[in-house]
Amino acid sequence: MAKRLRRKGGKQPAPDAREAVTGVRQSILALLKQRRGAGVAELADHLHISYEGARLHLVQLEKEGWIVKHLVRPENVSAGRPVARYELTAAGDHVFPKHYDDLSVEIIDGIADRLGPQALKQVLSNLTEKRIREWTPRLEGKTLKERLVALQGVYSDEDPFMSVEIGRDGMRLVERNCPFLNVASRRPALCSVTVCTLQHLLGVKVVREERFQHGHGRCVFRVLPEQKIDARRFRFAWEPAP
């Protein structure tokens, strides 16, 4: 039976913004988006709710990080107390539809179509090499097992969806949430970046045994300690087809 290893102090995943903000709260964010900010009275009037009701919604939205409050002095008023005006934070802005996935696919296809497959390979190679340079100092002096455990954070620090499994048949890095899944499902070549990054940082061959693209619901990277590679000589390569 495989033993699963996790780093200590992992954070719980944040809820999806579009699921966490609904009803009146969603309407408040929509108005702040349209008007680039608003005050309590303006929101209450627009939504046909009481001033106190609007204020309580705003307090909760601010507490959760969707909006931020600024104290401003009304225009053409030189005296008196400043009033509260609320605006979206970056997290609040992500409640609204974004099309990063489509844009990423278009960029990948555009590079390959206009400049050729070799140009795309060079772009992904540069991206991989940059990630390797960033990670190398963090892994110095560590054993293979320690490096693998550290690389649970290859996508983000304290990633709750990554784990290391160690069994009789070897070590595996298990990924239960791919932050690039929508793009990687349409352009699997992007996965070569992760495989190549892991290989060079671990100094051994890494193969994907399970893939989101094949309906497994996760990606499993198997580490092959007996197949060493020269991590000092970086060379980007496409992941072999399964």
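Use the structure listed above.
Only a predicted model underlies this, so the values are computations on that prediction, with no experimental measurement involved.

Draft legend 1. Focus on the overall build of the protein. The helix and strand tally for the protein stands at 10 helices and seven strands. Within the protein, the fraction of its 242 residues that count as buried is 36%. Counting contacts in the protein only where the partners sit at least 6 residues apart, residues at least 24 apart contribute 60% of the total. When the accessible area of the protein is evaluated, it comes to approximately 14900 Å², of which 52% is carbon and sulfur surface.

Draft legend 2. Fine view of the pattern of salt bridges. Within this structure, the stated rule accounts for 16 salt bridges. With a shortest N-O distance of 3.0 Å, Arg 186 and Asp 102 are connected by a salt bridge. Of this pair, Arg 186 sits in helix α9 (residues 181–186) while Asp 102 is found in helix α6 (residues 100–115), placing the two residues 84 residues apart along the sequence.

Draft legend 3. Structural view of the side chain of Thr 128. Positionally, Thr 128 belongs in helix α7 (residues 117–139). According to the relative accessible area criterion, Thr 128 is buried, its value standing at 0%. Look past the residues within four positions of Thr 128 in its chain and what remains in contact with it is Val 193, Cys 196, Thr 197, Phe 234 and Phe 236.

Draft legend 4. Representation of the environment of Leu 58. In this structure, Leu 58 sits in helix α4 (residues 51–63). Spatially, the C-alpha atoms of Leu 58 and Lys 69 are 9.0 Å apart, while their sequence positions differ by 11 residues. Not counting residues within four places of it along the chain, the set of residues in contact with Leu 58 comprises Ile 28, Val 40, Leu 43, Ile 67 and Tyr 86.

Draft legend 5. Local environment of the nonpolar core. Counting 25 residues, the largest nonpolar core has Leu 148, Leu 151, Leu 173, Leu 202, Phe 221 and Val 223 as its most contacted members. Mapped by element, the contributors of at least two residues to this core are α7, α8 (144–150), β4 (162–167), β5 (170–175), α10 (191–202), β6 (204–210) and β7 (219–228). Those residues in contact with Leu 173 that sit more than four places away from it in its chain are Leu 148, Leu 151, Gln 152, Met 162, Ser 163, Val 164, Leu 198, Cys 219, Val 220 and Phe 221.

Criteria and thresholds
- Residues numbered from 1 in each chain as written.
- Predicted model: local features only at pLDDT ≥ 70, side-chain atom pairs only at ≥ 80, totals over all residues.
- Heavy atoms only, no water.
- Helix = DSSP H or I, 4+ residues; strand = E, 2+ residues; numbered from the N terminus.
- Buried < 20%, exposed > 50% of the residue type's maximum accessible area, 1.4 Å probe, protein only.
- Contact = heavy atoms within 4.5 Å.
- Areas by Shrake-Rupley, 256 points an atom, 1.4 Å probe, with all protein chains shown as cover.
- Salt bridge = Lys/Arg side-chain N within 4 Å of Asp/Glu carboxyl O.
- Core = buried A, V, L, I, M, F, W, Y, C linked by side-chain atoms within 4.5 Å.

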